[in-house]
Amino acid sequence: MFLLTAVLCLSSCETFDLDQLNNPSTLDNNQSDPIYVFNYVQLTLPDFVYSANTFTQRITRQMAMTGGNTYNNAFAPVNSDNNWTTGYLMLNAIKSMEPKAIENNYTFVLGASKIMRCYILMTMADVYGDIPYSEALQGNANLTPRYDNSADVYAGVYNELNEAIGILADADPTNGAPRDLYYGNDKGVGNAANWITLANTLKLKMLNNSRQLTTLGSYNITNEITTLIGNNDLIDTPAEDFAFKYGTTRVNPNSRHPLYNDQYELGGGQYIANYFMWAVSREKNRGQDFDPRERFYFFKQAPVVGSSTNAANLPCKSLAKPTHYEDSRYASFYAPATIKATYCTSDNLTFTNAYLGRDHGDNSGIPSDDDIRTVAGIYPIGGEIGSPINVNSNTNFGLTGELGRGIMPMILSSYVHFIKAEIKLTLNIGGVSAEDELKAGILASIDKTTTFIPMPSDAAPFLPTATKIQAYVDFVLGVYNGDGNTDAKRLELIIKEYYIAAWGNGIEPYNAYRRTGYPSNFQPTLEENAGEFYNTAYYAGASVNNNPNAPSNNRSKKVFWDVANLPLH
Amino acid sequence: MRSKFKWIFTLLLAFSMQFSFAQEKTVTGTITEGGLPMPTVNVVNKNTKASTQSDFDGKYSIKAKTGDVLVFSFVGYTDTNVTVGASSVINPVLKTDAQVLGEVVVTGQGIKKEKKALGYAVTTIKAEEFASKPSTDVVRALTGKAPGVNIQQTSGLSGSGTNIIIRGYSSITGSNQPLFVVDGVPFNSDTNSDGNFLEGATNASSRFLDLDPNNIESISILKGLSATTLYGSAGSKGVVLVTTKSGNTKEINKKMEVSVSQSLYMTEISDLPDFQNSYGVGNELEYRTTFGNWGPSFNTRGEGGIGFDGSVVHPYAYYGAGVFPEYVGQTVQWQAYPNNIKPFFSTGTVNTTSVNISGRGDNTSYNLNVGNTDDKGFIENNQYKRLNLSTGGSTKLSNGFTFSTVMNYVRTDKSAPLTGYGYGSGAVTPSIFSTILYTPRSFDLFGLPYEDPKTHESVYYRRDITNPRWLLKNASDDESVRRFYGNFSALYDINSWSNVSYRLALDNYTQRKKYYINKGGYQTPLGYLRTTVNENTVFDHTFSYNFNKELDKKGNWALDGTVGVNSRMEGYNYTALESFTQFVYGFQEHQNYEDHLGYSENSNFNIVGVYASTTLAFRKYAYLNLQARKDYFSSLLKENRSLFYPSASLSFVPTDAFTVLKNNKYLNYAKLRVGYGSSAGFPNPYQTNIGLFQQTSAFTPVVGETVNIISPNSQLGNPILKPELYKEVEFGLEAKLFNNRLGIDLSLYDKRSNDLIINADLAPESGFSAQTQNISEISNKGIELGLSLGIIKSDTDGFQWNLSGTFTKNRNIVESLAPGVEQLGIAGFTNLGNFAVPGRPYGVILGGSILRDGNGNYVVGTDGNYVEDPELKEIGDPNADWKSTIINEISYKNITFGFQFEYQKGGDIYSNTANSLLSRGVVVDGIDRENTYILPGVNPNGNINAIQISATQYGFNNSGFFIDEQSVYDATNLRLREISLSYSLPKKFIEKTPFGKMSISIVGQNLWYKAFNFPTHLNFDPEVMSLGVGNGQGFDYLTGPTSKRYGFNINLTF
């Protein structure tokens, strides 16, 4: 009996243990390591941009807006959840690693992370306007942070960029052996100088966004721009480009560009906007491949011709073109008399060089066009170039083209040239003429597009010759210097080229459109009355539903720098 | 036979101690009732207060002097007093207490009580209701039989999960499934699914499927909190107490009995829709390879893509000469194939054999049970096999110790096709039912190949659907369980009125799952294999002191009760391995795949409870029961980890209390009861401290090594998390009227759940996106009514007609969520799913709806179709208004005919079966396809809509495909749950055979149903749950139709 009792007690003792608070299957918080959190932040940043693109690329007609036929129903607060959540979780990760990083003197990790933090915050301020900043990221101490004015966020971020530059000034990128996935060498060893260049460039971008104001926080905008351009430590070479470089592995892990995953696996993927393909391939009215980037940007799975299209795979073909599409406001910037706003395909159903995307606000059902809709090409997603093949056919399952080895462009040297062109034209700051910056921007963009990865042999027929590039540049500069051209027209041309060069990034075109109102001939929604434009994106449902301090959601709220009161559509 | 098994118990119960007692005169005898010996009868010497109990043969022995009075008592029987005379042998015969009709029920912690002493509702269901039935799932067999208990299958597939909810949903994001207690042991009844509903979670079986219905003696359902307090937090959603034959050997009172039952049932899909055979695949009367059947009529010649000879291009010609050279350039006739879907379904067989041996020795009783079930479903590759081995026994030693033990081993193996979420244009993950029902009427599914003859890839009339026949052959979701559960208990009688007992219980199972699909399908073209192992362990110790004493000599006051300590450990251990990119077709081992991903996790928690319960009885007509328990939970901070919760109930039997009511012709029995109960709910473990997220191989750059990452978790720990508290008030009335012809059992309850734990979304700007919090409140109020009516009564052999019925109505309201939170998703998608909305019933369906103008008119857009409201709106309430069951039992001599009807009033369901069949135009729908239609509504300017749309647009766009609201139907339905005819052979026929009893039954289940508010030709049975077992309800995502079953069983006893 005693023995029995003893045995039973032994077996029951473990059932009386009442202190089991920690999950044995997860790492304890004190096991965190800033080096690996830095990896998380670097890897998640392109996801943040991609999720911002889901709104910004659609509202700026790079990708097709198909979620609704008017602005009222095209987006909902829930559509911002992913971007908003990704952004703040990254900011929280950066915050969480700082004490240990400071303790270990990981200054490179600290500085580079701070710059990424600034990029996230300025992007969120640009896209959403006022956002939680000063009270954010406090966990249980404050679950409902108040929203800060976007001007205050901008001013704070501007200061933080200066702090980051200070931290990086004497940073040792080998301390702790962090991997620098943006500017690292073959072994992943980071480059602090490039991060400093990025910080300066981001400052210039913020100043340019705010250029219609006089001050940014305590800084005089003109003076700051003058200094930055004078110091000339800005992104001006491909090596300095701020872009995430994807890999090629399909599973475990899937390291490919997310749009490649979407468009090259199954079912056709997201539609590219007809307007953007029109702007690249048609609007200048110079025939196919006049823009040397055309084949690199877009890939036709099959030739789209009149005989291969019908009501089943191209329903808009048999529907009447909305009459407001004939309005001259939406016609070509270069040849308004001959090239009207496109409808249904990128070439207005002429089937001369048809890319098949979708019109703005076409929310109709999905026809059986998986194998004919146009997908993104080799740039920037690492897709296909060359002869048509069905890339999302069941038998190709994501093994075509450059296997998703693309980039997520954030700030490229071409963007900086366009920004400098805009600054020169509007504020007259800088030594180089706006025309030369415009030209440099175009050349940098063409160069990036055609050399950003080792090009496959399929690309050889499309690699631009000097003559072709020259013809394109001459054409654009010819328009720029055209008779009786106004600065407004010149600015529109700069923004138009910036828009084309920004393919794969919707954030910069969205900022540019609200700042300048260009491109002014954006394809209108199929419904004539689209409703008010998105002056900012809806706040995320995740915030609005859970934070009583969230302001009410509407499309008229504006970023502080959006002061021009432009008619946007 | 007896000696054959005796050694087992000698082995098992090898603990004995001998005491000897001095004796003067020993009175002995055998206590019987109706000629059978009665074990465990209390024998008390009124004079000396000495007491004992009869053994398994009804024998007792007690010290007494001549003139002493011995009282023989047993619950449900009249006390028998005998004065000791000269003889030292007394053989009393006990009589049932006809007045009391003292039904004995099993209550909390296995305590048996007279039903009249209970201040709360308990429904007891006898073996006849679920043994030898077509349903091999014991819970499913109980559907409709207990008021207040809502049981719903997830689909008609063999081995699929079953949802059981008692008195409504009382937790928001926690589990609402009741606790199963088998022979006093908490029994894990989880539904362990590896995927979510998108992947077909409904396919996973619920672990109470491991119980063999044929080895169950009875099931008691404790519904209210005043009944379940002693079970602690685990019992807060109700308790299903299962007593197996092996676990109840004490009441065996035959030397030896062998019973054999054999049944054979057929299972079929409950019904198919009424397909139309006039129009084929296409759009706008044009032949196209669309999903839909809005193409030309089969009489069309020379237009709409149909040749003048009535031919169309061969559907496989597009594969080209590389795959099917024989079809290149070929045509097929434009015609309907009326039976192209039926052969996809087959008739399965359900074969069950059960052998039970029970008996008793001198002081020992035993039971052995072997059950074998082979359940083949209505579709190929759906099979559920189960082997149950069970043994139990108990022995009473003369020294006051009683030892008992039960051991069970279960082996189950299940296979099923993949049943992922189908959305009407295919499925996100492979899914067998997602497309089959809308196979074009013009496609000869069974006359054409389903695979590429060389590569084995799926072939179909369009590439973006996996051929359903291919999927059936090339994919499977298999599950196997090896389970051991049992208990060991020891009881020591301290004296005649008290004892101490200790029980150790163990429940341990390992569930292995294997999910695979060969390469060559559409969704996973490269193949996929996932295997998981889930080991689940429950260790449960209970030590208790129990007493039962009359407080005064007259027997007016009696007190019984129990005080105990219970400690329970629950743990699980999960590992998963996924493999991608199959190498050789058709071979399912991980080494045949190129890439692998592994995952594992462990979890463990303990709950220690101290409890007490006491009942004070006055003259056997008034009973006051007080209970309380305090629980300590291992995964909350010390200051919040315990909760004390009391309960009290009162039972009063006026028919015993007042002389005027005694022997009343009209009111034979009445009992009033009122109870208050409370209970605790604990969160999932590890919610106060959240660890880090880490991932290896998060990214592989083109140059350089693979990258590993660490980040804070998106979930935020909540240090102030505390248990949730449930409170319930219950009132009841039980009565027997008109010579016991009419029986009424009515309960009313009001249950409130406070500090409900939910996994709340956080504003991400806090740095985190979710946290477990105590913030919400739910109430459930309801009525449960059980009725029995003897319509025709006669002597035993004559014509009898008994009717019984249940009525259940539960009103559930989400009283509050976190401040400012207007809705919380519970199940489904974030834009179409079940939500908790303050002021609304739990789980209302929110989704897309048609935009209304200020006057409530539908708004029609410029294209002539409805405009969708951009806001998420409530489009349905899945909770039924009420449910009712009517069971008829008509018998004459040895023939019994029974049938059970069930009616559900209200309760909405979003049906993808409905919207896909209608929008694909495959069923008879009354739409004139040559005509045009104008949708009722107004255009955005407020004028009456006048835009004509084609029949295709009318049918395709307005069947719920685009606007969720149009897919929501009221699920009111009536069904013939069961119909049976049984015959037991008269005694005189079997007198000369070795059989003691022999009976045969023919049974049919779900043979007829009618969902009144669905389009008639769909023949749709809304009794499905595509979100699986859990808190989601009211969704049909084409994950599996219901089945009907019919066949016979034979029972033999010898």
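Every chain is numbered independently, its residues counted from 1 as its sequence is written. Lettering for chains starts from A, numbering for ligands starts from 1, and both go in the order in which the items are written. Whole-chain, interface and lining totals are the exception, using all residues; otherwise, since this is a predicted model, local features are given only for residues with pLDDT of at least 70 and side-chain atom pairs are given and counted only at 80 or more. Side-chain measures here rest on the full set of heavy atoms in the structure, leaving out hydrogens and waters.

(A) Here's a closer look at the packing of helix α10 (residues 274–281) of chain A against helix α15 (residues 487–501) of chain A. Residues and elements named next belong to chain A. The geometry of α10 relative to α15 is characterised by a closest axis approach of 11 Å and an angle of 110° between their N-to-C directions. Here α10 lies roughly perpendicular to α15, going by the angle between them. Both α10 and α15 take part in a crossing whose hand is left-handed. Along its contact with α10, which presents Y275, F276, A279 and V280, the element α15 presents K496, Y499 and I500. Gly is put with the polar residues, along with every residue not named as nonpolar or charged; the nonpolar set is Ala, Val, Leu, Ile, Met, Phe, Trp, Tyr, Cys and Pro, and the charged set is Asp, Glu, Lys and Arg. For the contact of α10 with α15, the residue count by class is six nonpolar, no polar and one charged. To obtain each axis, a line is fitted to C-alpha atoms, and for helices this fit is confined to the stretch in contact; angles are then taken between N-to-C directions over 0 to 180 degrees. Helix and strand assignments follow DSSP, with helices taken as H or I runs no shorter than four residues and strands as E runs no shorter than two, numbered in order from the N terminus. Orientation labels follow simple angle bins: below 35 degrees gives roughly parallel, above 145 gives roughly antiparallel, 65 to 115 gives roughly perpendicular, and whatever is left gives oblique. Should the near helix be turned anticlockwise from the far one by less than a right angle, the crossing is left-handed, and should it be turned clockwise, the crossing is right-handed. By the convention used here, residues are in contact when the closest approach between their heavy atoms is within 4.5 Å.

(B) Broad picture of the sheet that holds strand β17 (residues 239–244) of chain B. Residues and elements named next belong to chain B. Within the open sheet, the five strands sit side by side as β11-β16-β17-β14-β15. Their pairing is mixed. With partners counted over all chains shown, the strands left at the sheet margins are β11 (122–126) and β15 (185–187), one partner each. Strand-to-strand twist across the sheet, computed as the mean angle between neighbouring axes with direction ignored, equals 25°. At least two bridges found by DSSP between two strands is the condition for calling them paired. In terms of strand pairing, β11 meets strand β16 (residues 216–222) through five bridges, oriented antiparallel. Considered in β16, the bridge of T123 is made with I221.

(C) How the structure looks around the pairing of strand β8 (residues 407–411) of chain A. All names here are of chain A. Taken across its five residues, β8 has five buried, putting it largely inside the fold. Across four bridges, strand β5 (residues 242–245) lies against β8 in antiparallel orientation. What sits directly across from A243, in β8, is P409. For the exposure calls, accessible area comes from a 1.4 Å probe over protein chains only, and a residue counts as buried if that area is under 20% of its type's maximum, exposed if over 50%, partly exposed in between.

(D) Quick look at the environment of V185 of chain B. Residue and element names in this part refer to chain B. With respect to the helices and strands, V185 occurs in strand β15. Residue V185 is classed as buried on the basis of its relative accessible area, which comes to 4%. The spacing of V185 and N214 is 29 residues in sequence and 19 Å in space, taken between C-alpha atoms. Sequence-distant contacts of V185, defined by excluding residues within four places in its chain, comprise F180, G486, N487, A505 and L506.

(E) Layout of the state of the cysteines. All names here are of chain A. Cysteine sulfur atoms are paired as a disulfide whenever they fall within 2.5 Å. Applying the stated criterion across every chain, the model contains one disulfide over all chains. The partner cysteine of C316 in its disulfide is C344, sulfur to sulfur 2.0 Å. Between C316 and C344, the S-S dihedral sits near 80°, and the bridge is therefore right-handed. Of the two residues, C316 sits in the loop between β6 (298–299) and β7 (375–376) while C344 sits in the loop between β6 and β7, which places them 28 residues apart along the sequence. With respect to class, C316 is no different from C344; both count as buried.

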